[in-house]
Amino acid sequence: ALAGTGLLIFKPDANTFNMLGWIWPPCLIALAIWMGVKSRRHLSSIWQRLILYPLFIGLFLAGAAGGYETAQERIDRNREVSGRLVNLEGRRLYLDCTGSGGPAVVLLSGLGEGSAYWKGWVSPEVAKYTTVCAYDRAGQGLSDPPASPQDGATVAADLHSLLHRAGVQGPYVLVGNSTGGVYARIFAAAFPNEVSGMVLLDSQPNEAFDELPDFPAFYKLIRPVSALFPTLARLGLLRLVNNMAPAMLPSQTHKEAIALKSTGSLNRIQRDEFAELPTSLNQAAALTTL
(Lines give C-alpha, C1' and ligand atoms only; values in the text may rest on other atoms or scores of the structure.)
Protein backbone atom coordinates (compact mmCIF):
# COMPACT_ATOMS: atom_id res chain seq x y z
CA ALA A 1 0.00 0.00 0.00
CA LEU A 2 2.83 2.40 0.87
CA ALA A 3 4.68 1.61 -2.36
CA GLY A 4 1.56 2.11 -4.46
CA THR A 5 0.74 5.38 -2.71
CA GLY A 6 4.30 6.58 -3.32
CA LEU A 7 4.00 5.85 -7.05
CA LEU A 8 0.75 7.80 -7.27
CA ILE A 9 2.15 10.80 -5.37
CA PHE A 10 5.66 11.07 -6.83
CA LYS A 11 4.94 9.77 -10.36
CA PRO A 12 8.50 8.56 -11.00
CA ASP A 13 9.92 8.98 -14.49
CA ALA A 14 11.20 6.16 -16.69
CA ASN A 15 14.78 6.44 -15.38
CA THR A 16 13.55 6.06 -11.79
CA PHE A 17 11.45 3.06 -12.74
CA ASN A 18 14.48 1.46 -14.38
CA MET A 19 16.50 2.05 -11.19
CA LEU A 20 13.70 0.60 -9.04
CA GLY A 21 13.97 -2.53 -11.16
CA TRP A 22 17.07 -3.43 -9.15
CA ILE A 23 15.20 -2.98 -5.84
CA TRP A 24 11.65 -4.33 -5.98
CA PRO A 25 12.37 -7.85 -7.37
CA PRO A 26 14.64 -9.00 -4.50
CA CYS A 27 12.27 -7.35 -2.00
CA LEU A 28 9.32 -9.22 -3.50
CA ILE A 29 11.23 -12.52 -3.45
CA ALA A 30 12.23 -11.98 0.19
CA LEU A 31 8.62 -11.12 1.10
CA ALA A 32 7.29 -14.27 -0.58
CA ILE A 33 9.82 -16.49 1.22
CA TRP A 34 9.13 -14.80 4.58
CA MET A 35 5.37 -15.25 4.21
CA GLY A 36 5.85 -18.87 3.20
CA VAL A 37 7.92 -19.60 6.31
CA LYS A 38 5.43 -17.84 8.58
CA SER A 39 2.51 -19.68 7.04
CA ARG A 40 4.19 -23.04 7.51
CA ARG A 41 4.73 -22.27 11.19
CA HIS A 42 1.38 -20.76 12.06
CA LEU A 43 -1.22 -22.23 9.68
CA SER A 44 -2.36 -25.70 10.65
CA SER A 45 -5.09 -26.13 8.03
CA ILE A 46 -4.07 -27.67 4.73
CA TRP A 47 -6.83 -25.65 3.02
CA GLN A 48 -5.38 -22.37 4.25
CA ARG A 49 -2.01 -23.36 2.84
CA LEU A 50 -3.56 -24.41 -0.48
CA ILE A 51 -5.10 -20.96 -0.75
CA LEU A 52 -1.99 -18.99 0.23
CA TYR A 53 0.89 -20.99 -1.26
CA PRO A 54 -0.07 -20.31 -4.92
CA LEU A 55 -0.05 -16.59 -4.04
CA PHE A 56 3.43 -16.87 -2.52
CA ILE A 57 4.68 -18.79 -5.55
CA GLY A 58 3.20 -16.15 -7.85
CA LEU A 59 4.93 -13.35 -5.93
CA PHE A 60 8.23 -15.26 -5.99
CA LEU A 61 7.99 -15.84 -9.76
CA ALA A 62 7.07 -12.19 -10.35
CA GLY A 63 10.16 -11.08 -8.42
CA ALA A 64 12.42 -13.54 -10.25
CA ALA A 65 11.02 -12.54 -13.66
CA GLY A 66 11.33 -8.85 -12.82
CA GLY A 67 14.95 -9.29 -11.78
CA TYR A 68 15.72 -11.18 -14.97
CA GLU A 69 14.03 -8.52 -17.12
CA THR A 70 15.96 -5.70 -15.42
CA ALA A 71 19.28 -7.47 -15.96
CA GLN A 72 18.43 -8.39 -19.56
CA GLU A 73 17.50 -4.80 -20.40
CA ARG A 74 20.84 -3.62 -19.01
CA ILE A 75 22.64 -6.21 -21.17
CA ASP A 76 20.66 -5.14 -24.25
CA ARG A 77 21.47 -1.46 -23.71
CA ASN A 78 25.18 -2.27 -23.44
CA ARG A 79 25.34 -4.42 -26.55
CA GLU A 80 27.42 -3.28 -29.50
CA VAL A 81 25.29 -1.77 -32.24
CA SER A 82 25.89 0.40 -35.25
CA GLY A 83 24.93 4.05 -35.04
CA ARG A 84 25.52 6.59 -32.29
CA LEU A 85 23.91 8.58 -29.51
CA VAL A 86 23.46 12.28 -30.25
CA ASN A 87 23.16 14.77 -27.38
CA LEU A 88 20.08 17.03 -27.43
CA GLU A 89 20.33 19.44 -24.51
CA GLY A 90 21.04 16.76 -21.93
CA ARG A 91 19.07 13.96 -23.58
CA ARG A 92 20.55 11.49 -26.03
CA LEU A 93 18.77 10.07 -29.08
CA TYR A 94 19.98 7.06 -31.03
CA LEU A 95 20.63 7.54 -34.76
CA ASP A 96 21.92 5.01 -37.29
CA CYS A 97 22.79 6.32 -40.77
CA THR A 98 24.22 4.14 -43.53
CA GLY A 99 24.93 4.64 -47.22
CA SER A 100 26.04 7.89 -48.80
CA GLY A 101 24.77 10.67 -51.03
CA GLY A 102 21.45 12.45 -51.07
CA PRO A 103 18.72 13.14 -50.53
CA ALA A 104 18.90 11.50 -47.10
CA VAL A 105 16.02 9.13 -46.37
CA VAL A 106 14.75 9.36 -42.78
CA LEU A 107 12.73 6.43 -41.40
CA LEU A 108 10.02 7.10 -38.78
CA SER A 109 8.68 4.10 -36.88
CA GLY A 110 5.15 3.37 -35.79
CA LEU A 111 3.94 2.92 -32.22
CA GLY A 112 5.66 0.14 -30.32
CA GLU A 113 8.46 -0.10 -32.85
CA GLY A 114 11.89 1.49 -33.22
CA SER A 115 14.95 1.66 -35.41
CA ALA A 116 15.76 -2.06 -35.24
CA TYR A 117 13.01 -3.36 -37.50
CA TRP A 118 14.06 -1.09 -40.39
CA LYS A 119 17.50 -2.74 -40.39
CA GLY A 120 16.21 -6.09 -41.60
CA TRP A 121 15.17 -5.31 -45.17
CA VAL A 122 14.64 -1.58 -45.70
CA SER A 123 17.82 0.21 -44.61
CA PRO A 124 20.27 -2.15 -46.38
CA GLU A 125 18.40 -1.76 -49.70
CA VAL A 126 18.00 2.03 -49.52
CA ALA A 127 21.66 2.40 -48.49
CA LYS A 128 22.68 1.07 -51.92
CA TYR A 129 21.40 4.30 -53.47
CA THR A 130 21.63 7.08 -50.88
CA THR A 131 22.01 7.92 -47.19
CA VAL A 132 19.34 6.32 -45.00
CA CYS A 133 18.81 7.06 -41.31
CA ALA A 134 16.76 5.18 -38.73
CA TYR A 135 16.38 6.47 -35.19
CA ASP A 136 14.75 5.74 -31.84
CA ARG A 137 12.34 8.34 -30.50
CA ALA A 138 12.83 9.47 -26.91
CA GLY A 139 12.35 6.49 -24.61
CA GLN A 140 12.69 3.89 -27.36
CA GLY A 141 15.62 1.53 -27.71
CA LEU A 142 18.88 3.24 -26.78
CA SER A 143 17.39 6.76 -26.63
CA ASP A 144 16.94 8.48 -23.27
CA PRO A 145 13.33 8.91 -22.12
CA PRO A 146 11.67 12.33 -22.22
CA ALA A 147 10.84 14.26 -19.07
CA SER A 148 7.11 14.18 -19.92
CA PRO A 149 4.79 12.71 -22.59
CA GLN A 150 5.43 14.08 -26.08
CA ASP A 151 2.85 15.08 -28.66
CA GLY A 152 3.56 14.96 -32.38
CA ALA A 153 4.96 18.50 -32.55
CA THR A 154 7.52 17.68 -29.86
CA VAL A 155 8.49 14.44 -31.62
CA ALA A 156 9.01 16.33 -34.89
CA ALA A 157 11.05 19.03 -33.13
CA ASP A 158 13.22 16.31 -31.56
CA LEU A 159 13.85 14.75 -34.97
CA HIS A 160 14.69 18.13 -36.50
CA SER A 161 17.24 18.85 -33.75
CA LEU A 162 18.65 15.33 -34.01
CA LEU A 163 19.31 15.55 -37.75
CA HIS A 164 20.94 18.98 -37.46
CA ARG A 165 23.08 18.02 -34.45
CA ALA A 166 24.19 14.86 -36.27
CA GLY A 167 25.11 16.81 -39.41
CA VAL A 168 22.66 14.99 -41.70
CA GLN A 169 22.10 17.34 -44.60
CA GLY A 170 18.61 18.06 -45.91
CA PRO A 171 16.25 18.32 -47.58
CA TYR A 172 15.03 14.87 -46.56
CA VAL A 173 12.79 12.15 -47.88
CA LEU A 174 10.61 11.16 -44.91
CA VAL A 175 9.32 7.59 -44.65
CA GLY A 176 6.63 7.16 -42.00
CA ASN A 177 5.02 3.87 -41.00
CA SER A 178 1.64 3.97 -39.21
CA THR A 179 1.87 6.71 -36.54
CA GLY A 180 5.32 7.52 -37.91
CA GLY A 181 3.46 8.88 -40.94
CA VAL A 182 1.60 11.29 -38.66
CA TYR A 183 4.91 12.57 -37.31
CA ALA A 184 6.27 12.87 -40.85
CA ARG A 185 3.37 15.11 -41.86
CA ILE A 186 3.85 17.27 -38.76
CA PHE A 187 7.56 17.58 -39.59
CA ALA A 188 6.78 18.56 -43.18
CA ALA A 189 4.28 21.20 -42.03
CA ALA A 190 6.75 22.68 -39.55
CA PHE A 191 9.84 22.53 -41.80
CA PRO A 192 8.57 22.50 -45.41
CA ASN A 193 11.85 23.67 -46.93
CA GLU A 194 13.66 20.69 -45.40
CA VAL A 195 11.47 18.01 -46.98
CA SER A 196 11.94 16.96 -50.59
CA GLY A 197 9.64 13.95 -50.56
CA MET A 198 7.51 11.68 -48.43
CA VAL A 199 6.56 8.01 -48.35
CA LEU A 200 3.61 7.02 -46.16
CA LEU A 201 3.48 3.30 -45.28
CA ASP A 202 0.01 2.38 -43.96
CA SER A 203 -0.05 5.75 -42.24
CA GLN A 204 -2.92 6.77 -39.98
CA PRO A 205 -5.14 9.40 -41.62
CA ASN A 206 -5.81 12.69 -39.87
CA GLU A 207 -9.52 11.84 -39.92
CA ALA A 208 -9.13 8.50 -38.10
CA PHE A 209 -11.54 9.43 -35.31
CA ASP A 210 -14.15 10.95 -37.63
CA GLU A 211 -14.13 8.82 -40.77
CA LEU A 212 -13.00 5.35 -39.66
CA PRO A 213 -16.15 3.91 -38.06
CA ASP A 214 -14.42 1.33 -35.86
CA PHE A 215 -11.45 3.42 -34.74
CA PRO A 216 -13.05 5.42 -31.85
CA ALA A 217 -14.26 2.20 -30.18
CA PHE A 218 -10.88 0.56 -30.72
CA TYR A 219 -9.10 3.59 -29.25
CA LYS A 220 -11.45 3.70 -26.24
CA LEU A 221 -10.60 0.04 -25.54
CA ILE A 222 -6.87 0.01 -26.22
CA ARG A 223 -5.93 3.23 -24.43
CA PRO A 224 -6.63 1.95 -20.87
CA VAL A 225 -5.27 -1.49 -21.81
CA SER A 226 -2.01 0.09 -22.99
CA ALA A 227 -1.52 1.46 -19.47
CA LEU A 228 -0.86 -2.13 -18.36
CA PHE A 229 1.88 -2.75 -20.93
CA PRO A 230 4.79 -1.12 -19.00
CA THR A 231 4.05 -3.27 -15.92
CA LEU A 232 3.72 -6.44 -17.99
CA ALA A 233 7.02 -5.58 -19.67
CA ARG A 234 8.81 -5.09 -16.34
CA LEU A 235 7.54 -8.51 -15.24
CA GLY A 236 9.13 -10.04 -18.35
CA LEU A 237 5.80 -11.19 -19.78
CA LEU A 238 6.05 -9.18 -23.01
CA ARG A 239 9.55 -10.54 -23.66
CA LEU A 240 8.15 -14.06 -23.26
CA VAL A 241 5.28 -13.34 -25.66
CA ASN A 242 7.50 -11.56 -28.19
CA ASN A 243 10.00 -14.44 -28.22
CA MET A 244 7.16 -16.81 -29.10
CA ALA A 245 6.16 -14.76 -32.13
CA PRO A 246 7.39 -15.98 -35.54
CA ALA A 247 10.53 -14.30 -36.83
CA MET A 248 9.73 -11.96 -39.73
CA LEU A 249 13.21 -10.42 -39.88
CA PRO A 250 16.76 -11.75 -40.26
CA SER A 251 17.96 -13.49 -37.10
CA GLN A 252 20.12 -10.74 -35.58
CA THR A 253 17.66 -7.99 -36.48
CA HIS A 254 14.82 -10.05 -35.02
CA LYS A 255 16.70 -10.31 -31.71
CA GLU A 256 17.31 -6.56 -31.65
CA ALA A 257 13.64 -5.86 -32.37
CA ILE A 258 12.51 -8.23 -29.59
CA ALA A 259 14.89 -6.57 -27.13
CA LEU A 260 13.53 -3.16 -28.12
CA LYS A 261 9.82 -4.03 -27.96
CA SER A 262 10.07 -5.86 -24.63
CA THR A 263 11.30 -3.00 -22.42
CA GLY A 264 9.23 -1.13 -19.87
CA SER A 265 10.55 2.16 -21.25
CA LEU A 266 9.31 1.56 -24.80
CA ASN A 267 5.91 0.40 -23.61
CA ARG A 268 5.67 3.46 -21.39
CA ILE A 269 6.38 5.65 -24.44
CA GLN A 270 3.88 3.66 -26.49
CA ARG A 271 1.23 4.29 -23.82
CA ASP A 272 2.02 8.03 -23.73
CA GLU A 273 2.11 8.40 -27.52
CA PHE A 274 -1.21 6.61 -27.80
CA ALA A 275 -2.71 9.00 -25.24
CA GLU A 276 -1.40 11.96 -27.28
CA LEU A 277 -2.64 10.55 -30.61
CA PRO A 278 -5.75 12.80 -30.95
CA THR A 279 -3.56 15.88 -30.46
CA SER A 280 -0.95 14.59 -32.92
CA LEU A 281 -3.56 13.90 -35.61
CA ASN A 282 -4.87 17.45 -35.25
CA GLN A 283 -1.32 18.77 -35.58
CA ALA A 284 -0.73 16.69 -38.72
CA ALA A 285 -3.71 18.41 -40.35
CA ALA A 286 -1.53 21.53 -40.64
CA LEU A 287 -0.04 19.90 -43.75
CA THR A 288 -2.70 20.69 -46.35
CA THR A 289 -0.86 19.84 -49.57
CA LEU A 290 2.04 17.74 -50.76
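To keep things clear, this report deals only with the structure shown in the data block. (Residues numbered from 1 in each chain as written. Predicted model: local features only at pLDDT ≥ 70, side-chain atom pairs only at ≥ 80, totals over all residues. Heavy atoms only, no water.)

Our focus in this paragraph is the side chain of S39. Position of S39 among the secondary structure elements: in helix α3 (residues 24-42). On the accessibility criterion, S39 (8% relative accessible area) is buried. Within the local environment of S39, its side chain forms a polar contact with the backbone oxygen of M35, the two atoms lying 2.8 Å apart. Those residues within four positions of S39 in sequence are excluded, and the remaining contacts are R49, L52, Y53 and F56. (Helix = DSSP H or I, 4+ residues; strand = E, 2+ residues; numbered from the N terminus. Buried < 20%, exposed > 50% of the residue type's maximum accessible area, 1.4 Å probe, protein only. Polar contact = N/O pair within 3.5 Å; in protein donor to acceptor, adjacent residues only side chain to side chain. Contact = heavy atoms within 4.5 Å.)

Taken as a whole and judged by the stated rule, the model has 10 aromatic pairs. Where Y53 meets F56, the ring centres are 6.0 Å apart and the plane angle is 45°; that geometry is what we call tilted. In this pair, Y53 and F56 are both assigned in helix α4 (residues 46-77), 3 residues apart and thus about one turn of the helix distant. An aromatic cluster is defined as three or more aromatic residues linked by ring pairs; in this entry it consists of F209, F215, F218, Y219 and F274. (Phe/Tyr/Trp six-rings, centres within 6.5 Å; stacked < 30°, edge-to-face > 60°.)

Another aspect to go through is the packing of helix α7 (residues 179-190) against helix α14 (residues 277-284). Contact geometry for α7 and α14: axes closest at 8 Å, N-to-C directions at 45°. Considering the angle they form, α7 stands oblique to α14. In this structure, α7 meets α14 at a crossing whose hand is left-handed. Across the interface between the two elements, T179, V182, Y183, R185 and I186 of α7 pack against L277, S280, L281, Q283 and A284 of α14. Partitioned by chemical class, the residues of the contact of α7 with α14 number 6 nonpolar, 3 polar and 1 charged. (Axes fitted to C-alpha atoms, helices over the stretch in contact; angles between N-to-C directions. Parallel < 35°, antiparallel > 145°, perpendicular 65-115°, else oblique. Left-handed = near helix turned anticlockwise from the far one by under 90°. Nonpolar A, V, L, I, M, F, W, Y, C, P; charged D, E, K, R; others polar.)

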